[in-house]
Structures are given as C-alpha cells and as structure tokens.
Amino acid sequence: MSAPSKIVIASRESRLAMWQAVHVRDRLSSLNPGSEVVILGMTTKGDQILDRPLAEIGGKGLFIKELEVAMQEGRAHLAVHSMKDVPMVMPEGFVLAAISARENPRDAFVSNTYAGLDELPAGAVVGTSSLRREAILRARYPQLTIKSLRGNLDTRLKKLDAGEYDAIILAAAGLIRLGLENRIKAVLTAEQSLPAPGQGALGIELVDGDAAMAAVVAPLNDPGTAHCVKAERALSRALGGSCQVPLGGYAIIDNGQLWLRGFVASVDGKDMVAGEVRGNPVDDEALGLQLAEQLRAQGAEAILARLAGCR
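Residues numbered from 1 in each chain as written. Predicted model: local features only at pLDDT ≥ 70, side-chain atom pairs only at ≥ 80, totals over all residues. Heavy atoms only, no water.

Novice: Go over the nonpolar core with me, naming the residues and quoting the values.
Specialist: Ranked by size, the top nonpolar core spans 20 residues in total, and within it Leu 235, Leu 239, Leu 260, Val 264 and Leu 295 carry the most contacts. At the level of secondary structure, the elements contributing two or more residues to this core comprise helix H9 (223-238), strand E11 (247-254), strand E12 (257-265), strand E13 (272-279) and helix H10 (284-306). The element that contributes the greatest number of residues to this core is H10, accounting for 7 residues. In contact with Leu 239, not counting residues within four places along its chain, are Val 245, Leu 247, Val 264, Ala 292, Leu 295, Arg 296 and Leu 304. Leu 16, Leu 149, Leu 160 and Leu 180 belong to the second-largest nonpolar core, a separate cluster that totals 16 residues. (Core = buried A, V, L, I, M, F, W, Y, C linked by side-chain atoms within 4.5 Å. Buried < 20%, exposed > 50% of the residue type's maximum accessible area, 1.4 Å probe, protein only. Helix = DSSP H or I, 4+ residues; strand = E, 2+ residues; numbered from the N terminus. Contact = heavy atoms within 4.5 Å.)

Novice: Quick one: what's the story with the environment of Ala 238, residue by residue and with numbers?
Specialist: Looking at the secondary structure, you find Ala 238 in helix H9. With 111 residues separating them in the primary sequence, Ala 238 and Gly 127 have C-alpha atoms 28 Å apart.

Novice: I'd like a description of the pairing of E11, backed by residues and values.
Specialist: Bridge count between E11 and E12: 8 bridges; the pairing is antiparallel. Bridged to Ile 252 within E12 is Trp 259. (Pairing = 2+ DSSP bridges.)

Novice: So, the side chain of Gln 199: which residues are in play, and what are the values?
Specialist: Inspection of the secondary structure puts Gln 199 in the loop between strand E9 (184-187) and strand E10 (202-207). A polar side-chain atom of Gln 199 sits 2.9 Å from the main-chain carbonyl oxygen of Pro 105. Ignoring anything within four residues of it in the chain, the contact list for Gln 199 reads Lys 84, Arg 102, Pro 105, Arg 106, Asp 107, Arg 132, Arg 133 and Ala 171. (Polar contact = N/O pair within 3.5 Å; in protein donor to acceptor, adjacent residues only side chain to side chain.)

Novice: How would you sum up the sheet that holds E11? Please name residues and give values.
Specialist: Spatial strand order, E11-E12-E13: 3 strands in an open sheet with antiparallel pairing. For this open sheet the edge positions go to E11 and E13, each flanked by a neighbour on one side alone. Along the sheet, successive strands turn relative to each other by an average axial angle of 10 degrees, direction set aside. Of the strand pairs in this sheet, E12 and E13 are connected by 8 bridges, and their pairing is antiparallel. Paired with Phe 263 across the bridge in E13 is Ala 274. (Axes fitted to C-alpha atoms, helices over the stretch in contact; angles between N-to-C directions.)

Novice: Explain the packing of aromatic side chains to me, using residue names and the numbers behind them.
Specialist: Following the criterion strictly, the structure yields 0 aromatic pairs and no others. A cation sits over an aromatic face here: Lys 147 above Tyr 165, 4.9 Å from the ring centre. For the cation-ring pair, Arg 261 lies above Trp 259, with the distance from its terminal atom to the ring centre recorded as 3.9 Å. (Phe/Tyr/Trp six-rings, centres within 6.5 Å; stacked < 30°, edge-to-face > 60°. Lys NZ or Arg CZ within 6 Å of the ring centre and 35° of its normal.)

Novice: Please provide a residue-by-residue account of the environment of Glu 191, values included.
Specialist: As for its placement among the helices and strands, Glu 191 is situated in the loop between E9 and E10. Spatially, the C-alpha atoms of Glu 191 and Val 69 are 39 Å apart, while their sequence positions differ by 122 residues. Only 2.8 Å separates the side chain of Glu 191 from the side chain of Arg 261, close enough to count as a polar contact.

Novice: So what's going on with the pairing of strand E7 (residues 145-148)? Which residues, and what values?
Specialist: Strand direction decides the pairing type here: strand E6 (residues 125-128) and E7, joined by 4 bridges, are parallel. Within the sheet, the bridge partner assigned to Gly 127 lies in E7 and is Lys 147. The parallel pair E6 and E7, bridged by helix H5 (residues 131-140), forms a crossover whose chirality is right-handed. (Right-handed = clockwise from strand over helix to strand, strands pointing away.)

Take a look at the structure:
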C-alpha cells in the first residue's frame, strides 16, 4: 500500500507541539521520499483558555478536539500529541496508531534560585498545572505554597522569570526537546514524583479505518514504549483517569518484564494509595487493570468517590 502524494499533520501551534510535529514530519519524509509531508498548525480551546486550571474547563480533550475535526473533514491525515495530553478513552472514530520512542519521562524541578525541592523554604511558591504533581507536593512538602500554572512551556518559564513563582515543575521531555536542558536544576526520580501516564512519549492519532495511513505511520511505533504506555493508560482509564484525578502511572521494561508503578491521591495529598505489578510486556493492558484492582483494594475507591468535578 503506497503512501499518498501529500501527507498533512495536524498540530497545536505551541513551540513544543510544533517541534513534535516537525520531528514526525522529518521521520515520515525520510520513510516516504515520494510524499510531500506538511504541517497544519492549529490553536485549540485548551491553548486559548489560560486563566483557569485545566480541571475546571474540561480536561485533556480540549487540546485535541480541533485536530480531530480537521482529520474528520479531510484537512489532515494524522495528528501528533504528547501522550500525557491524550484522553484515556479515545473519541469514537479515532485510534492511536503509533507510539514513538520515549524521551526522559520524569518531572523536572526548575528554579532560578534553588537547586531542588528540599532547599525551598516554608511558604515558597511552586507552580504546576498538574493535580498529580500538586498532590505529591502537598503530601511531601506541606510547608510549600502550590499555585496553578497554565500556558505553554515558554509562558510558564516567563512567569517563573518574572518572579511569580520560586520554582515550577515541568515535564523534563519538553525542556529537553526544545534545547532547554540548562533550565533544569534537578530531574526528579520516579520515587520523588511518579510520572503521568504517557509522559515523554508521542502518539500518532488517525481516523479509525484509515488503513493507508496506518501503514504509513506503523514504522514510527516503538514496541517497548507502546507496551509501557498502554499499561499506564489502562491503569488510568480503570481509575477514571480521563476525569481530573491525581494519579501517577509509570512503566519500564526491566529484565524483560514490564514493571508498572502507580498511585491515586486526594488533591491535598493527605490520602494516597500506591502499588506495583510486574509481568509480560504483551500483557500490558491486563497489567494496568491488575494494578488498578490492587489500588482499589487498598482504598482508591474511597479517594475517587471524594473527588468532585469528574467530567
């Protein structure tokens, strides 16, 4: 099945999103020398509403809806997403056709004054847009002040530089991809801050049933990363992760086994249950469901029941 003469990639227009789209464009161009590969830049509702926490305005789907409409209307063939921004339940009519090799999946501590979380004085203001990070910080550093931080990567860094925050927590992958490693004061270990499901990985979304494009993007899929991300997403999906839930899920391939760790917490960090499972990577989603049941048995259900605003 030959590739079309022109392949159109839908992407958000933030600098990081465009880096990701260009990365995929260049890979597809090298794999399909007879095709013209172009990017359709778009602004999503999630990019436009910056004055409220994401949890209040509809969640992660706000970053991909316009891109999906472009695919439905035939203006684009595929969309490139940060996997941590993709809802755990895909909208009807769309599929994740490939998950590419992961960049560093961990969280990064960024500050102009302090070298790490343990150096922050009581009352220091830490910015994050993530309920997961907020719960971790409130649980381990109750003396800190946690403040919502929205906007694209450059906007968040500008707010830090303007003195609105003493430190901010960001995904290390975005900073690395944009050549901003020098802004990272410390990369947090998984033990310090368990990453979000899919963090650091890129996903390729297609209209379901587009066999030609599925064949085109298939070489971009990294099996190891895909198994890990599928396990993480299955865990999150089973625990209501498409709603706004403070939840971490992180898998690696360790000695041939898939090792999945996860937690669920209350936003204030006062209630938290955590666990882990290991198994065959091909059983990725089953392992995610297994861990979800383990966390429910430890009390996750009560935490989830208390969380309001689930959309």
